[in-house]
Amino acid sequence: MIQPHGNTSLNPLYISDEIERESLINESQQLKSILLSSMAAANAVMLGGGYFTPLSGYMNLSDSLSVSQSLKTDDGLFWPIPIINLVDDVSNISCGESIALRDPNLEGNPVLAVMNVKSIESVSDADMSLMLENIFGTVDKNHPGVASFSNQGRFLISGPIKVLNFSYFPIDFPDTFKTAYEIRNEIEILGWDKVVAFQTRNPMHRAHEELCRMAISDLSADGCLIHMLLGKLKSGDIPANVRDASIRKMVEIYFPPNTVMVTGYGFDMLYAGPREALLHAIFRQNCGCSHLIVGRDHAGVGDYYGAFDAQTIFDTVPDGALKIDIYRADHTAFSKKLNKVVMMKDAQDHSKDDFVLLSGTKVREMLGNGIAPPPEFSRPEVAEILMDYYKNL
């Protein structure tokens, strides 16, 4: 199986030993504490699950600026997005002490992790602008990722953490949420060697389904990991439980048994386009995947990125920095001429009218009115689940 990023073995920060974990939970009740942002809490969950191997905790300002500008930490580790803990108020904490990190997404704000504070640094306007411009390609507050990142606070607390739980994800998604080490174990049990990952924050329609099939076939892969984001999204995106149900139904009916693994990860969407695609590649490598499908406007939003910027950024990755490869996908759609889904770049003799093309707005409008999209666009079983969701809004 492919090695984890930057390490020979996975480095999950979750305390799996029950006695040690219970001891830390009890100890944490006596510690000074801070309430995390949702973004910092998601970082802790990803660190806990081994997704962010080989990191040992939250980055300091120097590493954060280096990652933003040059895609590497001060010690040379390739990394595309700062993994940080920004807060508004640090008046009650000091360097060198242990603090409890409280979960903003669960009632009562239970302790999510314990942190050894190595440094507390102020983030200037210039520092924040530098990070935003490099990570998101913009400082526009209308960009949902920019808004979330810049609204966390201006004090950066860095240091190693010990994770005590995985927040609401195992509670709300008991069959879907998996850690990186659980996925690696499952891949090993299945005997898969070449595994292609598909990232999604949306329901999967026919084009997405066929794209997974194309990748499996073209790469002679043993299986596909459909890996959905389970954390916070922008307003208007379909909730994770609805996506989960629709994707599972599609896989159950339309894929052969033991060829697709449906799982999810606990992270908030950044909408960082090319930079987020690199992060997706790193943590899919940590899951044990050999390839990641990167399609049109991967992890994008609005018109902030070019259609294939998330593919071309991989051309700039230094040799050896990543072990995972990407599968470059074009826009896929159902061809009326060929009576199947194809990559549009492979159908040079087609005009736009030869494809079944529907905008996201049009699909939402149809579903909201109880009208199923044509079967060439969406499987009827998937459309039914989505129509039920829109009917109850």
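Along each chain, numbering runs from 1 in the same order as the chain's sequence is written. The predicted nature of this model means local features are confined to residues of pLDDT at least 70 and side-chain atom pairs, given and counted, to a pLDDT of 80 or more, with totals for whole chains, interfaces and linings taken over all residues. Side-chain numbers here rest on the full set of heavy atoms in the structure, without hydrogens or water.

J.: Please clarify how the overall build of the chain should be interpreted in this entry.
T.: Numbering of helices and strands starts at the N terminus; helices are DSSP runs of H or I of at least 4 residues and strands are runs of E of at least 2. Check the secondary structure of the chain and you find 13 helices and 15 strands. The globule rule used here is 2.2 Å times the number of residues to the 0.38 power, and the radius of gyration it is set against is calculated over C-alpha atoms. Over its C-alpha trace the chain gives a radius of gyration of 21 Å, about what one expects of a compact globule, namely 21 Å for 393 residues. The C-alpha extent of the chain, read off along each of the three principal axes, is 65 × 45 × 45 Å. Buried residues in the chain amount to 57% of all 393 residues. Here, two residues are considered to be in contact whenever any of their heavy atoms come within 4.5 Å of each other. Sequence separation of at least 24 residues holds for 73% of the intrachain contacts in the chain that already meet a minimum separation of 6. Areas reported here follow the Shrake-Rupley algorithm with a probe of radius 1.4 Å; residue values treat only the protein chains shown as occluding. In the form shown here, the chain has an accessible surface area of approximately 16,400 Å², with 47% of it arising from carbon and sulfur atoms. Only four residue types enter the tally: Lys and Arg on the positive side, Asp and Glu on the negative side; His and the chain ends are excluded. Each charge is placed at NZ for Lys, CZ for Arg, CG for Asp and CD for Glu. Of the charged side chains in the chain, 33 are positive and 49 negative; the average position of the first set lies 4 Å away from that of the second. Exposure classes here rest on a 1.4 Å probe applied to the protein chains alone. A residue is buried below 20% of its type maximum, exposed above 50%, and partly exposed in between.

J.: What is the right way to read the pattern of salt bridges from this model?
T.: Pairing is possible between side chains of opposite charge, provided their charged atoms come close. By convention in these notes, a salt bridge is any Lys or Arg side-chain nitrogen within 4 Å of a carboxyl oxygen on Asp or Glu. The tally for this structure, following the rule as stated, stands at 14 salt bridges. Linking Asp388 and Lys391 is a salt bridge whose minimum nitrogen-to-oxygen distance equals 3.7 Å. One end of the pair, Asp388, and the other, Lys391, are both in helix H13 (residues 380–391), three residues apart, so they sit about a helical turn from each other. Each of Glu209, Glu210, Arg213 and Arg379 takes part in one network of salt bridges that share partners.

J.: Could you clarify how one ought to interpret the nonpolar core in this entry?
T.: Generally speaking, soluble globular proteins have nonpolar side chains that are buried together. Residue types Ala, Val, Leu, Ile, Met, Phe, Trp, Tyr and Cys, when buried and joined through side-chain atoms within 4.5 Å, form a set referred to as a nonpolar core. Grouped together as the largest cluster of nonpolar side chains are 130 residues, with contacts concentrated most on Phe52, Trp79, Ile161, Ile226 and Phe314. Considering each element in turn, this core owes the most residues, eight residues, to helix H2 (residues 38–48). Not counting the four nearest positions on each side in its chain, Phe314 is found in contact with Ala277, Leu278, Ala281, Val294, Leu322, Ile326 and Arg328. The next biggest cluster of nonpolar side chains, apart from the first, holds six residues, and it includes Ile15, Leu24, Val114 and Leu164.

J.: Would you mind going over the packing of helix H3 (residues 61–70) against helix H4 (residues 125–136) with me for this structure?
T.: Between two packed helices, both the angle of their axes relative to each other and the distance between the axes serve to describe the pair. Note on geometry: axes are lines fitted to C-alpha atoms, helical ones only across the stretch in contact, with angles between N-to-C directions running from 0 to 180 degrees. The geometry of H3 relative to H4 is characterised by a closest axis approach of 8 Å and an angle of 35 degrees between their N-to-C directions. Pair H3 / H4 crosses with left-handed handedness. Contacts from Leu61, Ser64, Leu65, Ser68 and Gln69 of H3 reach H4 at Asp127, Leu130, Met131, Asn134 and Ile135. The classification used treats Ala, Val, Leu, Ile, Met, Phe, Trp, Tyr, Cys and Pro as nonpolar, Asp, Glu, Lys and Arg as charged, and all other residues, Gly among them, as polar. Class assignment of the residues belonging to the contact of H3 with H4 gives a composition of five nonpolar, four polar and one charged. In this scheme the handedness of a crossing depends on how the near helix is turned from the far one: anticlockwise by less than a right angle means left-handed, clockwise means right-handed.

J.: Could you clarify how one ought to interpret the side chain of Asp63 in this entry?
T.: Mapping Asp63 onto the fold places it in helix H3. Among buried Asp, Glu, Lys and Arg side chains, Asp63 stands out as unpaired, with Lys72 the closest opposite charge at 11 Å. Leave out the neighbours within four places in its chain, and Asp63 touches Lys72, Thr73 and Asp74.

J.: Help me understand H13 in this model?
T.: Since the α-helix turns once every 3.6 residues, residues separated by three or four places project in the same direction. A helix's residues, less one, multiplied by 1.5 Å, set its expected span. Given a rise of 1.5 Å per residue, twelve residues ought to cover 16 Å, and the 16 Å separating the end C-alpha atoms of H13 matches this to within 8%. Regarding H13, the residues found buried are Val382, Ala383, Leu386, Met387, Tyr389 and Tyr390. Projected down its long axis, H13 shows its buried positions confined to an angular sector of 160 degrees, all on one face. As for H13, its buried residues are in contact with helix H9 (240–254) and helix H12 (360–368). Working definition: the arc comes from the directions between the helix axis and the C-beta atoms, pointing outward to the latter.

The values are spatial; any link to function lies outside them.
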